[in-house]
Amino acid sequence: MAEDVRLLVGENLRRLRLAAGVTKAELAARVGVGRAYISGLEKGDRNPTIVTLWHLSKALGVAIKSFFDEKRASRTAK
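Below or above, wherever it landed, is the structure these notes cover. (Residues numbered from 1 in each chain as written. Predicted model: local features only at pLDDT ≥ 70, side-chain atom pairs only at ≥ 80, totals over all residues. Heavy atoms only, no water.)

A few points about the pattern of salt bridges
Alright, step 1. Overall, the coordinates contain one salt bridge when judged by the stated rule.
Alright, step 2. With its nearest N and O atoms 2.5 Å apart, the salt bridge here joins E42 to R17. Placement of E42 in helix α3 (residues 35–43) and of R17 in helix α1 (residues 2–19) is noted, with a sequence separation of 25 residues between them.
Alright, step 3. For R17, a relative accessible area of 6% corresponds to the buried category. (Salt bridge = Lys/Arg side-chain N within 4 Å of Asp/Glu carboxyl O. Helix = DSSP H or I, 4+ residues; strand = E, 2+ residues; numbered from the N terminus. Buried < 20%, exposed > 50% of the residue type's maximum accessible area, 1.4 Å probe, protein only.)

A word on the packing of helix α2 (residues 24–31) against helix α4 (residues 50–60)
Alright, step 1. Viewed as axis vectors pointing N to C, α2 and α4 meet at an angle of 115°, and their least axial separation amounts to 9 Å. Seen along the crossing, α2 lies across α4 with a hand that is right-handed. Between α2 and α4, the contacting residues are L27, R30 and V31 on the first element and H55, L56, A59 and L60 on the second.
Alright, step 2. Of the residues that constitute the contact of α2 with α4, the class distribution is five nonpolar, one polar and one charged. (Axes fitted to C-alpha atoms, helices over the stretch in contact; angles between N-to-C directions. Left-handed = near helix turned anticlockwise from the far one by under 90°. Contact = heavy atoms within 4.5 Å. Nonpolar A, V, L, I, M, F, W, Y, C, P; charged D, E, K, R; others polar.)

Points about the side chain of S66
Alright, step 1. With respect to the helices and strands, S66 occurs in the segment after α4.
Alright, step 2. Look at S66 and you get buried, because its relative accessible area is 18%.
Alright, step 3. Those residues in contact with S66 that sit more than four places away from it in its chain are N12, R15 and L16.

Examining the nonpolar core
Alright, step 1. Ranked by size, the top nonpolar core spans 15 residues in total, and within it L13, L27, I38, L41, L56, L60 and F67 carry the most contacts.
Alright, step 2. Secondary structure elements with two or more residues in this core: α1, α2, α3 and α4.
Alright, step 3. Residue contributions to this core peak at four residues, all from α4. (Core = buried A, V, L, I, M, F, W, Y, C linked by side-chain atoms within 4.5 Å.)

Digging into the packing of α2 against α3
Alright, step 1. Packing of α2 against α3 brings their axes to within 8 Å, and their N-to-C directions diverge by 110°. One element, α2, and the other, α3, form an angle in the roughly perpendicular class. Here K24, A25, L27 and A28 of α2 come into contact with α3, specifically with R35, I38, S39 and E42.
Alright, step 2. When the residues that make up the contact of α2 with α3 are grouped by side-chain class, the tally is four nonpolar, one polar and three charged. (Parallel < 35°, antiparallel > 145°, perpendicular 65-115°, else oblique.)

As for the environment of I50
Alright, step 1. Here I50 lies in helix α4.
Alright, step 2. Taking the relative accessible area as the measure of exposure, I50 reaches 58% and is therefore exposed.

So, to be careful, I would describe these as geometric facts and stop short of saying anything about function.
Encoded structure:
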């Protein structure tokens, strides 16, 4: 179950980042993490804290709930 949520969050993070026209490096700098961390989040390999999700939402100008939008994810979580 947790793995499914990580994939969902990662897919939505990537979609939102690309829609904002922000590179992984730019987003990482805004949030104060490394580019590899953003990459790991987008792949679903990392488990972000609520604080990290809050910082990401502020950096992208979106609501935190956007990371959990199942209808907008590019593929269905397994």
